[in-house]
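This is what each chain is made of:
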Amino acid sequence: MADTTLMSIPGQVDPVPVARDITPREDGRVDLIGLPKKDITALFEGAGLDKRQAKLRAKQVFHWLYHRGVTDFEAMTDIAKTMRPWLAERFVIGRPDVVEAQHSTDGTRKWLLKTSDGHEFEMVFIPDADRGTLCVSSQVGCTLNCRFCHTGTMRLVRNLTPGEIVGQVMLARDSLGEWPKGRMDDLGDEGEAEYNADGRLLTNIVMMGMGEPLYNFDNVRDALQLVMDGDGLALSKRRITLSTSGVVPAMARCGEEIGVNLAVSLHAVSKEVRDEIVPINKKYGLEELLQACADYPGASNARRITFEYVMLKDKNDSDDDARELVRLLKAYKLPAKVNLIPFNPWPGAVYECSTPERIKRFSDIVFEGGISAPVRTPRGRDIDAACGQLKTTAEKKSRAQRDREEAEAAVQAS
Ligand code: SAH
Ligand code: SF4
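In this text the structure is predicted, and so the values were computed from the model without any measurement.

About the thresholds
- Residues numbered from 1 in each chain as written.
- Chains lettered and ligands numbered in written order.
- Predicted model: local features only at pLDDT ≥ 70, side-chain atom pairs only at ≥ 80, totals over all residues.
- Heavy atoms only, no water.
- Phe/Tyr/Trp six-rings, centres within 6.5 Å; stacked < 30°, edge-to-face > 60°.
- Helix = DSSP H or I, 4+ residues; strand = E, 2+ residues; numbered from the N terminus.
- Buried < 20%, exposed > 50% of the residue type's maximum accessible area, 1.4 Å probe, protein only.
- Salt bridge = Lys/Arg side-chain N within 4 Å of Asp/Glu carboxyl O.
- Near = heavy atom within 4 Å.
- Nonpolar A, V, L, I, M, F, W, Y, C, P; charged D, E, K, R; others polar.
- Polar contact = N/O pair within 3.5 Å; in protein donor to acceptor, adjacent residues only side chain to side chain.
- Contact = heavy atoms within 4.5 Å.

1. Some words on the packing of aromatic side chains
The final tally for this structure, using the stated rule, is three aromatic pairs. With a centroid separation of 5.2 Å and 55° between ring planes, the pair formed by Phe44 and Phe91 is classed as tilted. One end of the pair, Phe44, is in helix 1 (residues 37-46); the other, Phe91, is in strand 2 (residues 91-92), with 47 residues separating them in the sequence. As far as burial versus exposure is concerned, Phe44 and Phe91 are alike and both buried. The interplanar angle of 55° and the centroid separation of 4.8 Å between the aromatic rings of Phe62 and Tyr66 together place this pair among those described as tilted. Taken together, the residues Phe62 and Tyr66, both in helix 2 (residues 51-68) and four residues apart, mark about one turn of the helix.

2. A word on the pattern of salt bridges
Counted according to the given criterion, the structure contains 27 salt bridges. The shortest N-O distance in the salt bridge between Lys38 and Asp39 comes to 3.3 Å. Given the relative accessible area of 60%, Lys38 is considered exposed. Salt-bridge contacts for Asp364 lead to Lys360; the nearest nitrogen and oxygen are separated by 2.9 Å. One end of the pair, Asp364, and the other, Lys360, are both in helix 11 (residues 356-368), four residues apart, so they sit about a helical turn from each other. A cluster of three or more residues bridged by salt bridges with shared partners is formed by Asp218, Arg221, Asp222, Arg253 and Glu257.

3. Here's the deal with the site of ligand 2
All residues in the neighbourhood of ligand 2 are listed as Cys142, Leu144, Cys146, Cys149, Gly152, Gly211 and Ser245. Residue composition of the shell around ligand 2, grouped by class: four nonpolar, three polar and no charged.

4. Examining the side chain of Thr41
The topology assignment puts Thr41 in helix 1. Residue Thr41 is classed as buried on the basis of its relative accessible area, which comes to 15%. Side-chain polar atoms of Thr41 contact the backbone oxygen of Lys37, separated by 2.8 Å. Residues contacting Thr41, with those up to four places away along its chain left out, are Ala54, Lys55 and Ala58.

Structure (structure tokens):
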């Protein structure tokens with residue numbers, strides 16, 4: 001049996017994360033990725049274009065950024081040749097830097113990415129027969145300390161910006177070769193067909209990478225709005241799922257202001273066990289969480305809430321746990337489906353995965369209770385890309401230590 005005696009867990013249970021400041025680019029140029037069209041318009045106006053010009057140019061540039069995926073103003077062929085260097089002097093079209101790209105034997109791909117100010121985070125692409133899902137990170141590290149999660153052992157380094165969040169989707173499209181080709185200013189019949197290229201590999205997005213998306217609410221919302229915008233990446237909100245460990249006060253806003261599918265990391269059905277494995281439960285308990293799910297705007301039988309349940313040996317996997325899960329979901333009349341996630345191990349983890357027989361039995365009980373409970377096949381375990389295995393190397397340093405190092409580096413550079 002796994003040694004699951006309680007250790008003291010460092011870190012706060014419900015901190016209000018203060019975003020670390022983003023270091024501005026040294027060349028003073030502004031990254032356009034992640035900005036809504038109206039902000040791009042305002043920037044163009046601020047840089048000297050008149051109102052009408054600014055609006056027109058912003059519309060054109062926005063289209064090139066999100067429909068065509070260009071990263072160079074020179075490629076914007078319907079913008080006057082003289083205007084392109086003017087743009088390039090003032091603005092950039094950013095992408096997160098790729099530090100390393102790995103390929104799993106099962107087709108899963110993982111990218112280790114870096115922000116322009118040097119913080120590493122990860123993104124995972126999971127291809128399936130009928131869909132391709134991109135697992136996007138919302139923070140570098142995580143403030144929460146779920147005990148079965150590798151990311152939870154990292155400190156929060158900083159929130160990712162809207163540009164860094166939507167930038168992951170852009171980068172995935174770059175890597176998968178999924179931008180339409182051909183000239184946008186000269187679309188013949190063929191060009192049009194190419195431009196509306198169907199059959200894309202990247203069809204779904206899950207906010208299930210590193211971090212707690214609802215603790216970076218505004219940036220996640222702004223990024224997903226660009227992903228859903230018909231003039232932006234134009235992905236349907238039905239193909240986007242946001243997973244939260246249970247930040248109850250932000251859940252209604254998530255439904256109202258973002259409107260994507262909701263997944264909740266439930267993982268336990270008693271206060272005792274959930275307090276231990278998902279410590280935010282001490283702040284927002286099970287009843288509050290389930291009530292917030294029942295009130296989630298947009299949830300219905302056609303759009304069910306997914307309850308994620310990690311299978312931990314002798315911790316949360318008994319027949320009684322399965323029956324209690326059914327009882328709870330029914331008591332709150334939740335349009336629910338349950339995703340059973342076999343625990344993915346990582347070095348130093350104190351839990352073990354339940355046996356396949358146990359998981360099957362648990363799944364059967366929930367099914368018999370009338371709730372769908374498929375077992376998620378772990379993907380990309382060989383490259384540590386599976387749920388809860390994401391962790392980058394910046395983790396061990398405290399914020400104070402990093403600040404000291406940055407100050408020293410600045411002194412040396414001066
Ligand atoms: N922070 C958000 C989203 C990221 S985690 C959240 O907690 O919901 C995505 C899912 O993977 C969550 O359900 C999380 O609980 C689960 N998970 C974390 N560590 C895991 C592990 N080692 N094995 C299996 N699932 C894990
Ligand atoms: Fe953070 Fe989610 Fe991991 Fe919990 S499971 S530590 S909320 S990333």
